[in-house]
Amino acid sequence: MAMIDTARETHDGTGSGTGDDTDQATDHDGPDTGADGVRLHVQRLSPPDGRPPTATAVLIHGLLTDSLASWYFTVAPDLAAAGLEVVMYDQRGHGRSERPGSGYRLDTFVTDLERLLDRLDITGPVHLVGNCFGGTVAFAYAMRHPERVAGIAVIEAKPATESWLTEISGILRRVATELVVHEAESLAWVSAHRGAHTARLAKSAARLVRTTTIAEDVPASGVVSEEQVRAVRCPVLAVYGADSELAGQERWLESVLPGTRTVVLPGQGHSVLAEAPTRIRELLLSWIHEDETATGAPAVGAAALEADAL
Amino acid sequence: MTSVNQTAPSPAAEAPADAPAVLAEISGMLRTMLDEYGLDDIEITMETRFTEDLELESIDLVTLAGSLEARYGRQVNFAEFVADLELEEIIDLTVGQLVEYVVRCVRAAGER
């Protein structure tokens, strides 16, 4: 990612990482800023051979054990190869982005996305792709800025309704107890049963919960009514694993947003993105391409591409 | 990954691309990362596994991809490399596999 001036100021001011970072950040990655000037780590992939992108997809990861790596190592390269400008970022507190002590209500995550797209000068309507909590951010962003969203694809996610809040609050309470109060035992169990990498992710999640107010902030998020969800006008694709706790969600979404395309993948659970990336990639690509064909959408990423080439 | 900045110079011309040199480069990049985690005395060889031995997580590999591109230029395309791998294979990746990939890329670019 080309560093834009506003971001460079922030970058210099915070002195993150090592001396090497400064050099490598000049081209394709580096921090940008979200709400409250929090530094956000961004990665972009463009179509090969300098082809102008046909559309822009912004990929938003989930809560706690997630980062942009979940996209980078699954669907992102293929989306870029298929002609899309792909923007990935680590949400606050996650991955290589800054981890402020507080400020983790849903609204703040949505403002991060808003600021990020502003800073990257991505003004045309984008396709938002969200996994789990990232999908909730996508829905909330589309309600805040309908004119800036071409479509939403969510995986294992729902809008920030009252029931979403109840469920995520329960999960955070459980995580806070398991990972923080009983951290050593929990990590030993995860390591033994789920492998070293999941244990490593759990360790990062424990640190996030221990050192920030995320477990209190997310449950304090504002919720939306069914009426507000009905106001979403852009195309929506919603994918669920048949064995996930969210199974059944697709019927509610279909009733509230009749145009929604829902897909339930048999034999899959909540981590369907990691488990069935090929299937998810096919679904995303056909959905985005169909939308382009239907609307004759211009190459919305072209302006951003040119800005970067400067 | 394909970047859009067409005018960036390719640093590959002067980067030595034999396996020991690339291993030394990658080890250096990894040490910088591990220092941040307070792990600085781990020996890094061709057999070292990123996750199991170095306790790196997937986001660290994304960072490493950036360092590799900065050092060797765009022909070292980590995103393309991992696109052909399953998530499990990426987690089990060894330093040696990455070294061999970088050597292949740089040589292929030199022959063009």
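Residues numbered from 1 in each chain as written. Chains lettered and ligands numbered in written order. Predicted model: local features only at pLDDT ≥ 70, side-chain atom pairs only at ≥ 80, totals over all residues.

With that settled, the discussion passes to the UniProt feature "domain: AB hydrolase-1" (unreviewed entry) in chain A. UniProt records the feature "domain: AB hydrolase-1" (unreviewed entry) at residues 58-275 of chain A, using the numbering of this structure. The span residues 58-275 of chain A is 48% helical and 15% strand by assignment, and the distance between its end C-alpha atoms comes to 21 Å. (UniProt positions renumbered as here; feature names shortened; annotations may be inferred. Helix = DSSP H or I, 4+ residues; strand = E, 2+ residues; numbered from the N terminus.)

What follows covers the packing of helix α7 (residues 162-181) of chain A against helix α9 (residues 196-211) of chain A. Think of two packed helices as two axes; the pair is described by the angle between the axes and how far apart they sit. Residues and elements named next belong to chain A. Following both chains from N to C, one finds α7 and α9 inclined at 110°, their axes separated by 9 Å at the closest point. It follows that α7 is roughly perpendicular to α9 by the angle criterion. For the pair formed by α7 and α9, the contact residues are V175, A176, L179 and V180 on the first element and A202, A205, A206, V209 and R210 on the second. For the contact of α7 with α9, the residue count by class is 8 nonpolar, no polar and 1 charged. (Axes fitted to C-alpha atoms, helices over the stretch in contact; angles between N-to-C directions. Parallel < 35°, antiparallel > 145°, perpendicular 65-115°, else oblique. Contact = placed C-beta atoms within 7 Å. Nonpolar A, V, L, I, M, F, W, Y, C, P; charged D, E, K, R; others polar.)

Turning to the pairing of strand β4 (residues 84-89) of chain A, a few remarks are in order. Residues and elements named next belong to chain A. Taking burial as the measure, the 6 residues of β4 include 6 buried ones, the bulk of the element. Residue alternation in β4 divides its side chains into two sets, L84, V86 and M88 and E85, V87 and Y89, and both sets are buried. Across 4 bridges, strand β2 (residues 39-45) lies against β4 in antiparallel orientation. From the neighbouring strand, R44 faces β4, where its bridge partner is V87. Inspection of the sheet shows strand β3 (residues 55-60) paired to β4 by 6 bridges, in the parallel sense. Following the sheet pairing, A55 is matched in β4 by L84. (Buried ≥ 20, exposed ≤ 12 C-beta atoms within 10 Å, placed from the backbone. Pairing = 2+ DSSP bridges.)

Residues and elements named next belong to chain B. The terminal C-alpha atoms of helix α2 (residues 58-72) lie 21 Å apart, and with 15 residues this matches the ideal 21 Å at 1.5 Å per residue to within 8%. Among the 15 residues of α2, 14 are classified as buried, and the element is accordingly described as predominantly covered. Note on α2: the residue one or two positions beyond its end, G73, has a positive phi of about 90°. (Expected span 1.5 Å × (residues − 1).)

To continue, consider α7(A). Residue and element names in this part refer to chain A. Taking 1.5 Å as the rise per residue, α7 with 20 residues should run 28 Å; its terminal C-alpha atoms sit 28 Å apart, in good agreement. Those residues of α7 that sit buried are W164, I168, V175 and L179. Where α7 is buried, its residues touch α6 (133-144), α8 (183-194) and α9.

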